[in-house]
Amino acid sequence: MAKQQSKQTTTPKKQSPPSGGDTFTYLWRNAAIVLVLGILLLSIDRMNAKDGQLQDMYQEFQQLRQSGGNEQRMEELRNEIIAIQSDTSYLKKLTRGYYWAVHDIAIKGSENVRDLESKAVKPMTREDKLAMRIGIWGFIDYINKNTPKDAVIYLPEGDTITSNTSKWNYIYDPEWMQYFLYPRLCVAMGRESDHPDLAKRVTHAVIIQGKGYDKLKYEVPLEQRAQEAVLPINQPPSQTPN
Amino acid sequence: MVAAAIILCYLLGLAVLLTISRKYSLAELIGYSFLIGMGIETFFMFFLDIAGIKFSQGVLIGLNVFTTLALLGVNFKKLKEFELSPNPKTFLQIKNINFPAIFIGCIIVWLFYCVTVKCLFWPPLERDTFGSFDKLARVMAVEGKLKISLYAYGLEGAGGVYPPLYHAAMGYVYIFGAELPKIITTLFFLSTLLIFFDVTRKYIGAMGASFFTLILMLTPEYFSHAALALGNLPTTAYVCAAGLCTIAWLDKREEKFFWLGAIMMGFVVWIRSDTIVFTAAALLLLGINFLRTKDWKRTIIYGTIAVAPFVIWALYLKFKIHNVPSAKFDFGIGFNSERWTVVKGYADAYLFGGNYSFNSIGAIDGGQLFGVAFVLFFITLLINVILIGVLFYKKQDWKKAITSQMNILILFFASFVSYFLLFYFIDEKVQASPIWSLMYSSFKRGLFCFLPIVFFYTATSYGSVWLFEKIEKFRTAS
């Protein structure tokens, strides 16, 4: 079997290159293949170009609808969107992801980086970049600055307030928050049984949208209750954070 | 310092490569050096952890330099025999330049550059990497050990039970002062492309190999991971190298592929445990080979190298981490039609480019995610079956046609069926995720490992070999 396999799958014998006078032939033949390949790849790309613009068109349509703008343009966009969406050929279905990979991931992704770098007044740090992409980075930074390194922090419960909105990212998830809070430790309200050792050692509580004051062992007057804060569990801080 | 650490890693891999053989292409040297070097770095970190020695720049540099010099020293006399194959000097003649391959190569380089710019700019941002990989890596670099303090509180994340290769690789660059660890993603991606190209080139020539490397690289969902910090792309690098080297050894009997296949297969289970499905499939191939050749020595060597890291990590989890993920599966479910519908629905959509959603949630478009990858594989398979039927009808050599690509088919089907069953029997309660969610994310990302295998099958099929031979004849005017 091995013999048979190697016979079938061996590298095509290297063709001896044409002699000196045939260099031109060699070059034009290579060029012809390059041309065919280029046309093939470009055709696939062009075939999906409109699909790639679908999101932009949809956004433009939504903006026009909300602002009550140009009716004629809206009609054009509607027709174009319907035309693109109704083209559900199998070939297109299999190839449109490549357009996304090339244009959105590679080209737009790198252009976006160059754009950000050119606009930045100083070289961007990891923290600058995290602040751009993690919605609650500012709040996380505030927690870190207002708690000692050995703090054990109560995180808010993963209820409808926190988990149904992207505003709070995964603030209720101890495994996610631990990344930002280390060397501090954290435990989520309602999930104390997952981390019983930590639940006994909690030193601070995160307050969001005014919730979490019930975990404190002291009373905070209603008028002094901040909507977002991190507070010590056992005794009030010398200064209540805003 | 990060650059020095990466160079040390490459040199270490290179020293191992030169111990195995003295004849490599440039693509092989770059591709395999990193995978082997980084794999060994993580073994260093593992054994330092076992020995209770805190890993630091000094300790790691010392180990690197010592091991590299020791390997080169042992191998010193044979180093003179080293040769690059193909020799880059041959490309100085215009008629040895394969222009179509270079054209495709330029597209690959440009796309690689674009995605790398994006990858190296952004810090890790994915939920899984915050929850596990990057967290483990950062804390590992601070605490200088594998079993970081977070294990004591159950805050290590789901990736805490994964073998350490990926997060320890990120930890390695953090130890040497990296602000961001994603150079690791880029280098794993580079190795995958170079290795796939080089092994495929040995079967169908440079033009065909570069063409299939481009399609592999651009598989939409896979390509998007080249800018992320998740473990699936690095895992694919090892599965690609292990699978293709094993197949190349069985086909061509070239000694270096045996050792590369075995070592890489060992690293496959040193980066993820669920990739044991590939090790099992490879052992099946080795078993079949043993029945034919009775070469028990090689079978045992390969099996030992491939399985040992899995056993070592299982023991480490049991005795050091005290976390054995034993009840991960629920084999008691037997045939559950609801589970079957969901698992099969998602798998079909990924493989055949269809759409699927579970009760209107977790909707996927398989065509958008994997492009032509699996569809092309099944079309090629169908054509090959028809071809065999025709050969059988005409009483020609149909047996040869059946056996010619059997190894790669066994590797694919044995591993895929195991992978499918792994998800079918998975215990949702232990995973704390519904099955649709696991199929929507984990299963999808795990399919990356099959991409080099299916593209290799397509590339080395009769039709492809015939087509690229014709084009090559035209190109060289012979």
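The rules behind these values
- Here the residue index of a chain counts from 1 through its sequence in written order.
- Chain labels run from A onward and ligand labels from 1 onward, assigned in the order the entries are written.
- Local features in this predicted model are restricted to residues of pLDDT 70 or higher, and side-chain atom pairs are both shown and tallied only at a pLDDT of 80 or more, whereas totals for entire chains, interfaces and linings draw on every residue.
- Each side-chain value is derived from all of the structure's non-hydrogen atoms; neither hydrogens nor water enter the calculation.
- Each helix is a run of H or I in the DSSP string that is no shorter than four residues. Each strand is a run of E no shorter than two, and both are numbered from the N terminus.
- All radius of gyration figures rest on C-alpha atoms, and the globule criterion is 2.2 Å times the number of residues raised to 0.38.
- The buried label goes to any residue with under 20% of its type's maximum accessible area, the exposed label to any with over 50%, and the partly exposed label to all in between, with areas taken from a 1.4 Å probe on protein chains only.
- Here a residue-residue contact requires only that any non-hydrogen atoms of the pair lie within 4.5 Å.
- Think of it this way: a Phe, Tyr or Trp ring, Trp meaning its six-membered ring, pairs with another when their centres are within 6.5 Å, and the plane angle makes it stacked under 30 degrees, edge-to-face over 60, tilted otherwise.
- Lysine and arginine charges are scored as sitting over a ring when NZ or CZ, respectively, is within 6 Å of the ring centre and within 35 degrees of the ring normal.
- Here a helix's expected span is defined as the number of its residues, less one, multiplied by 1.5 Å.
- A pair is scored as a salt bridge if a Lys or Arg side-chain nitrogen falls within 4 Å of a carboxyl oxygen belonging to Asp or Glu.
- Each residue carries a pLDDT score, the predictor's own confidence in it, on a scale running from 0 to 100.
- Joining two parts hides part of their accessible area as seen by a 1.4 Å probe, and the buried area is that hidden amount summed over both.
- Pairing of N or O atoms within 3.5 Å defines a polar contact, subject to two protein rules: one partner must be a possible hydrogen donor and the other a possible acceptor, and residues neighboring in sequence count only if both atoms are side-chain atoms.
- To define a nonpolar core, start from buried Ala, Val, Leu, Ile, Met, Phe, Trp, Tyr and Cys residues and group those joined through side-chain atoms within 4.5 Å.
- A pair of strands is considered paired only if DSSP assigns at least 2 bridges between the two.
- Axis definition: a line fit to C-alpha positions, over the contact stretch in the case of helices; interaxial angles, taken between N-to-C directions, run 0 to 180 degrees.

On a plain count of helices and strands, chain B comes out with 21 helices and 4 strands. Against the compact-globule benchmark of 23 Å for 478 residues, chain B has a radius of gyration of 22 Å, which places it among compact chains. A principal-axis box enclosing the C-alpha atoms of chain B has dimensions of 70 × 65 × 50 Å. Relative to its full complement of 478 residues, chain B shows a buried share of 59%. The long-range share in chain B, meaning contacts at least 24 apart out of those at least 6 apart in sequence, stands at 77%.

A few words now on the packing of aromatic side chains. The final tally for this structure, using the stated rule, is 64 aromatic pairs over all chains. Plain terms: the ring middles of Phe211 of chain B and Phe468 of chain B are 6.2 Å apart, the flat faces sit at 50° to each other, and that makes the pair tilted. Placement of the pair is Phe211 of chain B in helix α7 (residues 183-217) and Phe468 of chain B in helix α21 (residues 462-475), with a sequence separation of 257 residues. Over the ring of Trp122 of chain B we find Arg133 of chain A; its NZ or CZ atom is 4.3 Å from the centre of that ring. Here the basic side chain of Arg253 of chain B rests over the ring of Trp249 of chain B, its NZ or CZ set 4.9 Å away from the ring centre.

This part is about helix α4 (residues 99-121) of chain B. Because an α-helix packs 3.6 residues into every turn, residues spaced three or four apart end up facing the same way. For α4 of chain B, spanning 23 residues, the distance from its first C-alpha to its last is 33 Å, which sits close to the expected 33 Å at 1.5 Å a residue. Contacts from the buried residues of α4 of chain B go to α2 (23-47), α5 (90-119) and α6 (126-133) of chain A together with α7, α8 (220-224) and α21 of chain B.

All chains considered together, the criterion is met by 28 salt bridges over all chains. One salt bridge connects Glu76 of chain A with Arg73 of chain A, and the closest N-O pair in it is separated by 3.2 Å. Residue Glu76 of chain A and its partner Arg73 of chain A are located together in helix α4 (residues 71-86), separated by 3 residues, close to a single helical turn. By relative accessible area, which is 36% here, Glu76 of chain A ends up partly exposed. Residue class for Arg73 of chain A comes out partly exposed when judged on its relative accessible area of 27%. Its salt-bridge partner being Glu28 of chain B, residue Lys202 of chain B comes within 3.1 Å of it at the nearest N-O pair. Separated by 174 residues along the polypeptide, Lys202 of chain B in helix α7 and Glu28 of chain B in helix α2 (residues 26-51) bring together distant segments of the chain. Like Lys202 of chain B, the residue Glu28 of chain B is buried in the burial classification. A cluster of three or more residues bridged by salt bridges with shared partners is formed by Glu28, Asp198, Arg201, Lys202, Glu254 and Lys256 of chain B.

Bringing the confidence of the model for chain B into the picture now. Residues and elements named next belong to chain B. Mean pLDDT over chain B works out to 92, with 99% of the residues at or above the 70 mark. Ranking the elements of chain B by mean pLDDT puts helix α18 (residues 428-431) last with 74 and helix α20 (residues 451-459) first with 97. For this predicted complex, the interface confidence reaches an ipTM of 0.90, while the overall pTM sits at 0.91.

Opposite the 91 residues of chain B that make contact, chain A presents 71 residues. Overall, the association of chain B and chain A removes approximately 7,100 Å² of surface from exposure, summing both partners, and the carbon and sulfur fraction of that is 67%. By the criterion of area lost to chain A, the three top residues of chain B are Lys95, Phe121 and Phe130 of chain B, representing 11% of everything that side buries. With a shortest N-O distance of 3.0 Å, Asp365 of chain B and Lys93 of chain A are connected by a salt bridge. Connecting chain B to chain A are 21 residue pairs in polar contact (both at pLDDT 80 or more).

Okay, the environment of Asn169 of chain A next. All names here are of chain A. Mapped onto the secondary structure, Asn169 falls in the loop between α8 (160-163) and α9 (174-181). By relative accessible area, Asn169 is classed as buried at 19%. As a C-alpha pair, Asn169 and Leu198 span 29 residues in sequence and 23 Å in three-dimensional space.

Turning our attention to the side chain of Thr200 of chain B. Mapped onto the elements, Thr200 of chain B comes out in helix α7. With residues up to four places along the chain from it excluded, the contact list for Thr200 of chain B reads Gly205, Ala209, Phe456 and Ala459 of chain B.

Okay, the nonpolar core next. In this structure, Tyr32 and Phe188 of chain B are the most contacted members of the largest nonpolar core, which totals 214 residues. In terms of residue count, the dominant contributor to this core is α7 of chain B (16 residues). Residues within four places of Tyr32 of chain B in sequence aside, it is in contact with Leu17, Ile195, Val199, Ala241, Cys245, Phe257, Leu260 and Met264 of chain B. Residues Met57, Phe61, Met74 and Leu77 of chain A belong to the second largest nonpolar core, which totals 7 residues.

Moving on, we get to the sheet that holds strand β2 (residues 185-188) of chain A. All names here are of chain A. The 4 strands lie next to each other as β2-β1-β3-β4, forming an open sheet whose pairing is mixed. Here the strands that pair on one side only, and so sit at the sheet edges, are β2 and β4 (229-232). If you compare each strand with its neighbour and ignore which way they point, the axes differ by 25° on average. Here strand β3 (residues 204-207) runs beside β4; their pairing, made up of 4 bridges, is antiparallel. By the bridge assignment for β4, Ala205 is matched with Leu231. Here helix α7 (residues 137-145) sits on the sheet in contact with β1 (152-155), β3 and β4, set at roughly 20° to β4. Against the sheet, α9 engages β1 and β2, with an angle of about 155° to β2.

In this structure, the amide linkage connecting Tyr182 of chain A to the following residue, Pro183 of chain A, adopts the cis form with an omega of 10°. The residue Pro183 of chain A is located in the loop between α9 and β2 in this model. Following Ser85 of chain B, the chain continues into Pro86 of chain B via a peptide bond in cis, with omega recorded as 0°. Note on placement: Pro86 of chain B falls in the loop between β2 (83-84) and α4. Backbone geometry at Asn359 of chain B places phi at a positive 45°, although glycine is not the residue there.

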